[in-house]
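# Working through the structure, step by step
The lines below spell out each chain.
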Amino acid sequence: MSASPGTGSTTGREPSGASSNDHSPDGAAIGRRLRERDLRAAPAALNLLESVAPGDREQSAALLREVSPAALGGEAPGHVIGVTGPPGAGKSTLLSALLHAWRGAAHAAGGQGRTVAMLAVDPSSRRSGGSLLGDRARIEFDPTDRGVFIRSTSAGERLGGLAWATRAAAHALAAAFDIVVIETVGVGQAETEVADVADTVAVVVQPGSGDVLQFLKSGIMEIPDVLVITKADLGQIATSSRRDVSAALRSLGLSSTRTVTVSSVPPPRGIEELIAAFDVHLASIDLGERRLRARRANALSDYIHEHGDRGLRALGGRSAAERLLAKQEPLLDTAALVTALEHSAADG
Amino acid sequence: MMRTYAGHSTAKASNELYRGNLAKGQTGLSVAFDLPTQTGYDPDDELARGEVGKVGVPVVHRGDMATLMDGIPLGEMNTSMTINATAAWLLALYIVAAEEQGVPEEELQGTTQNDIIKEFLARGTYAFPPAPSMRLIADMIAYTVEHVPKWNPINICSYHLQEAGATPVQEIAYAMSNAIAVLDAARERVEEAHAGEEAAARELMGQVFGRISFFVNAGVRFVEEHAKLRAMGILWEELGRERYGVTDPKHLRFRYGVQVNSLGLTEAQPENNVQRIVLETLAVTLGRDARARAIQLPAWNEALGLPRPWDQQWSLRIQQVMAYETDLLEYPDIFEGSVVMDGLVAELLDGARAEMAVVAEHGGAVEAVPYMKGALVDSHRQRIHRIESGEQVVVGQNRFAETAVSPLTDDAEGGILVVDPAIEAEQIEAVRRWRSERDQGAVDAALSDLARAAAGEDDPARPQENLMIPTIAAARAGATTGEWARTLREVFGSYRAPTGVGEASGHETPDAELTELREEVSRLKERLGRRPKILVGKPGLDGHSNGAEQIAVRARDSGMDVVYEGIRLTPAQIAASALQEGVHVIGLSILSGSHRELIPAVIKALHEAGVTAPVVVGGIIPDQDVAALQQAGVAAVYTPKDFDITRIMHDIVELVGARANGRGSSTNGSPPGA
């Protein structure tokens, strides 16, 4: 197990001999591999994107440039799906069943199945900064299946938001994988943030959770694209929950939100229906428009995170910044948009 | 009754061991099964690798059971089986073996441990999710009360809770809550069977209550431990009268067997464990009103590895000296009227009732598994912290540690039994032969019958079938342990128990050492560019997760990102996690003695996945195995001697830091390959 000379300490690192900048891995090379849909580049991509070391940040930017819409000649092909919901709603069992169906169904029919990357965001950070990432254990998959990639990350130090690395990773992995799932915990704030990254947002609730109805009606909760009610095996309760939720959505005039009832315990039920609902939603939206809006929102939030209110004032306020972003080339990635804002602030 | 917990290698070898022990004056059998048998896998399953015949005997089919009990008259024997998830299956094999000896099932005496909640909480040999597991238990109770009336279908275990760190109050409260969950499930069966016949239902419920026995632990604080047992007796009687309407004093008696504490036994100066065992035995024998029915003692060298026949003989002799040489058994209850003892009991009762109320608020023991698990991990964390700080003295370990060379551990194997690795290959061969020689059609039919009975739950119109019936039929037909369990897994789904580490609270106010460790971790984070990430893995079927849990909690408290997925992982799963999660270091924990096979297998899988992160190993690793593990590529090995977890963390931080040198961060750029 002794590390060969020049090999990094972390797994999946590129040999540092191949890197161009201060022994950081070669971000552009990793990005190119993702663009060529080399799934084995995923661990190295995540290791790099999570690093805040200055050399690594430059390489991260290089990686992201390689998978930017401009480099891809359009939007990344992967479908980014946000799955969020309160603890105990059955997200992990649901994800196991989904994974199985995505990988297996087509496989059985002689096809390849869809490749899946999952980013599990764990909220359990402590004051020590450390966290316990145990979620992947609950998602069953064949460990030798190279078409599956699961990475758990702590929510990070950026209060109330998805870690920058998670957003960047979702974009990057969408270049290589057919499906990218971002799993987060919570109801209320969480799905708003996921909505800034995901093409489709699913909220998972268990039967009888009346608070979700309250959140929907009061507007605390952003309206999901798909509402999943788990534990259909509970029978009557699940059926009446679905009725209540559907009625609430109709009363809000939101008939476009699909409601699916699933059971993840054997025999699983509703999983194919849910996958169909994801696909129908993706087909129904203007993907380029949704992602462009997300990139601009992310760029502004990254800029503010970096430069604060003073930075925003240097641009002439939020509306001016938004106008500026709207004038940029649509295929620019988030980092390029942030750079554009920074240049404008410096010029101003 | 005097027993030693025994079984290893093969059914034939264990049979010889049992006959030898019976000849030495032992009065019952206590069967230890290997982990594949306990968790429902055949010897040729990938997960069984390295575990066949290790911690007990492999019993794969009725032929193995017949060999195991060969020449032992089952009509007279009292057999205790430490078996839980697969208890229904092993009882079925035992019934079939008796049948073959011409002994009817109603004459069989003994106990199946069959306590699944403590498997989720502490011991880890579960096979099915909680709800169907409870159904199996209720089915066994219903079956044995009617057909095997002298059998104890379940032994509620508080033993393992203490091993997992439970305080006396937690041990009492969780054991009683567990009993309530079982009895409530059994009561439903009783009421179904005797709808509208209240008197008959009450009578049957009394019998069911009377068949529940306990398996408890006794630690070295033997006065308090004795008080604990008195408190349990009081609570049990109260529970019987008030919750289940039991009136017959015979049924209300708190019956328990005991294995004294293993957690407190040390690897350092292991000879001291003998006096610990003696004192712990006093806890369960001193006062007649709370005296154990059956006692089994661990061997002095348990913290080192598997005991040999001589080590077990020594434990048996301890009991014999106490029973036959001392005056221990000559008096009525010696604590009667003791104000101090009564006060201690009252204090424990108060604490236990309060904690039972918390479990009830969570919806009972089944629903409260995550809560109880978190509480146990936290108690254990505090215990370790007390030992680390010297507040709790462990002689020979954190005090009086100087020692002369021990002649007891001086032989080539280091004073333990080593199971011949060839046995696994033989057993794999044997099970394949068994499968090829049996009537496959009969097995297939029996298993599909079992599957149908198990799935019947979905149809509320049909009364639920008792799973013991198709289980016994499958045993008779020649099905294997793995086939029986796989059939039920396919119907019930598989399950991973909560790890408890997320719920366990951290160090609220870090002490100086932890603060220093956090600073080290934070400096390492600067160098790595991201938070140091550790994978804590438990390969194989070993369910003893205390060590892994405590490492995980401390790593988190020191500021690392910790990937901990619980027990029972294959080398391929560990390698996939390490690769995908991008961890900087991998910690593996094994206590079952299978490190010789499993650690190299994991390292090979990591290598094939291209993972270069260093591997450290913790567990019961005999000195003579350390060099071989290092040869295989392990960076460091930790054993129970290394009780200071903060020190282990320092080592790990240093190890990761040293590897990081090759990479060179922006501030400290040593050239690549330096």
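Analysis parameters
Residues numbered from 1 in each chain as written. Chains lettered and ligands numbered in written order. Predicted model: local features only at pLDDT ≥ 70, side-chain atom pairs only at ≥ 80, totals over all residues. Helix = DSSP H or I, 4+ residues; strand = E, 2+ residues; numbered from the N terminus. Buried ≥ 20, exposed ≤ 12 C-beta atoms within 10 Å, placed from the backbone. Pairing = 2+ DSSP bridges. Right-handed = clockwise from strand over helix to strand, strands pointing away. Core = buried A, V, L, I, M, F, W, Y, C linked by C-beta atoms within 7 Å. Domains from an automatic or database assignment. Contact = placed C-beta atoms within 7 Å. Axes fitted to C-alpha atoms, helices over the stretch in contact; angles between N-to-C directions. pLDDT = per-residue confidence, 0-100. Parallel < 35°, antiparallel > 145°, perpendicular 65-115°, else oblique. Left-handed = near helix turned anticlockwise from the far one by under 90°. Nonpolar A, V, L, I, M, F, W, Y, C, P; charged D, E, K, R; others polar.

### Digging into the environment of Gly343 of chain B
Relative to the helices and strands, Gly343 of chain B resides in helix α14 (residues 339-361). For the pair Gly343 of chain B and Ala227 of chain B, spaced 116 residues apart in the sequence, the C-alpha separation amounts to 9.1 Å.

### Description of the pairing of strand β13 (residues 585-590) of chain B
All names here are of chain B. In terms of burial, β13 is largely enclosed, as six of its six residues are buried. Here β13 shows no split at all, with Val585, Gly587 and Ser589 on one side and Ile586, Leu588 and Ile590 on the other all buried. Alignment of strand β11 (residues 533-537) against β13, held across four bridges, turns out to be parallel. Looking at the pairing, Gly537 lines up with Leu588 of β13. Sheet topology places β13 next to strand β14 (residues 615-619); five bridges connect them, and they run parallel. Pairing of Ser589 across the sheet is with Gly618, part of β14. Between β13 and its parallel partner β14, the chain crosses via helix α23 (residues 595-609), and the hand of that crossover is right-handed.

### Focus on the nonpolar core
Formed by 200 residues in total, the largest nonpolar core has its most connected members in Ala92, Leu93, Ile172, Ala552, Val562 and Ala578 of chain B. Each of domain 1 (2-400) and domain 2 (512-661) of chain B gives at least three residues to this core. Residue contacts for Leu93 of chain B: discarding those within four places in its chain leaves Val59, Arg62, Met65 and Ala475 of chain B. Residues Ala41, Ala97, Ile139 and Ala198 of chain A belong to the second largest nonpolar core, which totals 87 residues.

### Some points on unusual backbone geometry
Residues and elements named next belong to chain B. We note that Gln269 has phi near 45 degrees; this positive angle belongs to a residue other than glycine. Following the sequence through the fold, Gln269 ends up in the loop between β9 (256-259) and α12 (272-283). Taking the C-beta count within 10 Å as the criterion, Gln269 has 18 such neighbours and is therefore assigned partly exposed. A positive phi angle is found at Arg568, which is not glycine, with a value near 65 degrees.

### Some thoughts on the sheet that holds strand β8 (residues 258-261) of chain A
Residue and element names in this part refer to chain A. Spatial ordering of the open sheet is given by β4-β2-β5-β1-β6-β7-β8, a layout of seven strands whose pairing is parallel. Taken across any chain shown, the strands that pair with only one partner, and hence form the sheet edges, are β4 (148-154) and β8. The average undirected angle you get between the axes of adjacent strands in this sheet is 20 degrees. Both strand β1 (residues 79-85) and strand β6 (residues 200-205) contribute to a ladder of four bridges, which runs parallel. Counterpart to Ile81 in the pairing with β6 is Thr200.

### Section: the confidence of the model for chain A
Summary statistics for chain A give a mean pLDDT of 82 and a share of 82% for residues scoring 70 or more. Low confidence marks residues 1-22 of chain A, where pLDDT is under 50. Its contacts with residues over four positions away, or in another chain, come to 71 contacts.

### Points about the packing of helix α17 (residues 440-455) of chain B against helix α18 (residues 468-477) of chain B
Residues and elements named next belong to chain B. At a minimum axis distance of 9 Å, the contact between α17 and α18 shows a crossing angle of 165 degrees. With respect to α18, the axis of α17 lies roughly antiparallel. Crossing geometry of α17 relative to α18 is assigned as left-handed. Only Pro470, Thr471, Ala473, Ala474 and Ala477 of α18 make contact with α17, whose side of the interface consists of Ala442, Val443, Ala446, Leu447, Asp449, Leu450 and Ala453. Split by residue class, the contact of α17 with α18 holds 10 nonpolar, one polar and one charged.

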